[in-house]
Amino acid sequence: MLEKMFLGTYTRRESKGIYSLVLDTDKEELVDLELLTEENSPTYLARSEKGFTYTVTEIDGKGGAGAYDPEFNFLNAVTEEGAPLCYVAVDEARQLVYGANYHKGEVNVYKILDDGSLEATDAVFHDEPVGPHENQNVPHVHYTDLTPDDRLVVCDLGTDRVYTYDVSNEGKLTEVATYVAPAGTGPRHLVFHPNTNYAYLFGELDSTITVLAYDAPTGTFKELQKVSTLPEDFEGFNGGAAIRISSDGRFVYLSNRGHNSIAVFAVAEEGASVTFVQHISTEGDHPRDFDLDPTENFVICANQNTDNLTLYRRDPENGTLTLIKKDIYAPECVCVLFEK
């Protein structure tokens, strides 16, 4: 079986923009790296059900979101003064795109027009007190995506908060709840259990996974468990990066930048706790992102600083990863997104 994926990158050294790559599941190989379009540091990508691609973009010193048709022809970009976004996500029901602006501490909302292009609808700035870590000098919005009941959940690394918003069909935000994480957590990304109202939050600054109970009627989160994603004897810098959950909700995967590993955790049957399973090397430096393929029998990890992808075989019964191949060239890759 041939499975296509898309790669978002920085373009500071060798990369030119957005690439595609193919996983041959029979041969267990990654092949056919192709530049799809030149773009200035498209560091995160999202795809709609209609095949449109939405990306972080920067044009003439202005940052925002860009839109491409299914053949990767450029449609438009909505930009404003300042740094680009760091995360984008698609809301199919309301035909919206959400963006997280790390440097500006801003949540952005865009309407998807009939031709797939974007139009800005709302922007919300955070001004709550920030945490004690040196990287928490100002609010830093890092994640904007949907809850199981189609609210918007936002992680802010700077304020140590997870915000819940109601979203109108026109793309206007109304804050309904805020979860305050322990000081210095640095909330980066989270994933929801596919079958229950539990979420798993990755703290970038303290390298932890936090199990949260989500109360849909109120939009609130409650902490149930917090566990380190690092070995007890690890010393030195580490920054948490990507988090993924298997479609059956049984395993959570997280990438550690510094320890340069993927940490695997088993999820309790009801979803309310996690147990450590495995650390496995990413065979490169700075694993900013990774993804499970559509069969969930494979995982592909991107090492930003060493320009390589690493391919693992995944055991769906016990969740463990086994190295298949490393040193697969992909320049400055920081986002891995399978065509699903």
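Residues numbered from 1 in each chain as written. Predicted model: local features only at pLDDT ≥ 70, side-chain atom pairs only at ≥ 80, totals over all residues. Heavy atoms only, no water.

An unreviewed UniProt entry lists the protein chain under the name 6-phosphogluconolactonase, with Candidatus Enterococcus lowellii given as the organism. The record held by UniProt for the protein chain lists under Sequence similarities (unreviewed entry) the comment "Belongs to the cycloisomerase 2 family." (UniProt positions renumbered as here; feature names shortened; annotations may be inferred.)

*Asks:* Just checking my understanding: could you explain the pairing of strand β16 (residues 187-192) for this structure?
*Replies:* Consecutive side chains of a regular strand alternate in pointing toward one face of the sheet and then the other. Counted residue by residue, β16 has six buried out of six residues, so it is predominantly covered. Bridge count between β16 and strand β17 (residues 198-203): five bridges; the pairing is antiparallel. Within the sheet, the bridge partner assigned to P187 lies in β17 and is G203. Hairpin connection from β16 to β17: five residues lie between these consecutive antiparallel strands. (Buried < 20%, exposed > 50% of the residue type's maximum accessible area, 1.4 Å probe, protein only. Helix = DSSP H or I, 4+ residues; strand = E, 2+ residues; numbered from the N terminus. Pairing = 2+ DSSP bridges.)

*Asks:* I keep staring at the sheet that holds strand β24 (residues 287-292) and nothing clicks. Help me out?
*Replies:* Strand pairing in a sheet takes place through backbone hydrogen bonds and is either antiparallel or parallel in direction. Here four strands make up an open sheet; going across it, the order is β24-β25-β26-β27 and the pairing antiparallel. Unpaired on one side and paired on the other, β24 and β27 (321-329) mark the two borders of the sheet. When the angles between neighbouring strand axes are averaged without regard to direction, this sheet yields 20 degrees. Note that β24 and strand β25 (residues 298-303) share five bridges and pair antiparallel. Of the residues in β25, the one forming a bridge with D289 is A302. (Axes fitted to C-alpha atoms, helices over the stretch in contact; angles between N-to-C directions.)

*Asks:* When you look at the state of the cysteines in this model, what are you seeing that I'm missing?
*Replies:* Put plainly, two cysteines are in a disulfide when a covalent bond ties their sulfur atoms together. In total, this model carries zero disulfides according to the counting rule given. Summary of cysteine pairing: C301 is not part of a disulfide, and the nearest cysteine sulfur, belonging to C333, is at 9.1 Å. There is no disulfide at C335, and the cysteine sulfur nearest it, in C333, is 7.1 Å away. For C335, a relative accessible area of 1% puts it in the buried group. (Disulfide = S-S within 2.5 Å.)

*Asks:* Would you take a moment to explain the sheet that holds strand β15 (residues 173-180) for this structure?
*Replies:* Taken together, the four strands give an open sheet; going across it, the order is β12-β13-β14-β15, and neighbouring strands pair in antiparallel fashion. Two strands in the sheet have a free side with no partner beyond their single neighbour: β12 (141-146) and β15. Pairwise comparison of adjacent strand axes, ignoring direction, gives a mean angle of 20 degrees for this sheet. Two elements, strand β13 (residues 152-156) and strand β14 (residues 161-167), share five bridges in a ladder whose sense is antiparallel. Within β14, the position partnered with V153 by the bridge is T164.

*Asks:* Before we go on, may I ask you to explain the side chain of T144 in this structure?
*Replies:* Summarising the element assignment, T144 is placed in strand β12. In contact with T144, not counting residues within four places along its chain, are Y87, A89, Y98, G99, A100, V107, L152, V153 and V154. (Contact = heavy atoms within 4.5 Å.)

*Asks:* What is the right way to look at the pattern of salt bridges in this model?
*Replies:* Two side chains of opposite charge can pair, provided their charged atoms sit close to one another. In this structure the tally under the stated criterion is 16 salt bridges. With a shortest N-O distance of 2.9 Å, D307 and R13 are connected by a salt bridge. With D307 in the loop between β25 and β26 (308-314) and R13 in the loop between β1 (2-9) and β2 (17-24), this pair connects stretches of sequence that are 294 residues apart. Residue D307 is classed as buried on the basis of its relative accessible area, which comes to 10%. The residue E80 makes a salt bridge to K104 at a minimum N-O spacing of 2.6 Å. One end of the pair, E80, is in strand β7 (residues 74-81); the other, K104, is in the loop between β9 (96-101) and β10 (106-112), and 24 residues separate them in sequence. Given a relative accessible area of 34%, E80 falls into the partly exposed group. You can call K104 partly exposed: its relative accessible area is 25%. The network of salt bridges with shared partners includes R244, D289, D291 and K340. (Salt bridge = Lys/Arg side-chain N within 4 Å of Asp/Glu carboxyl O.)

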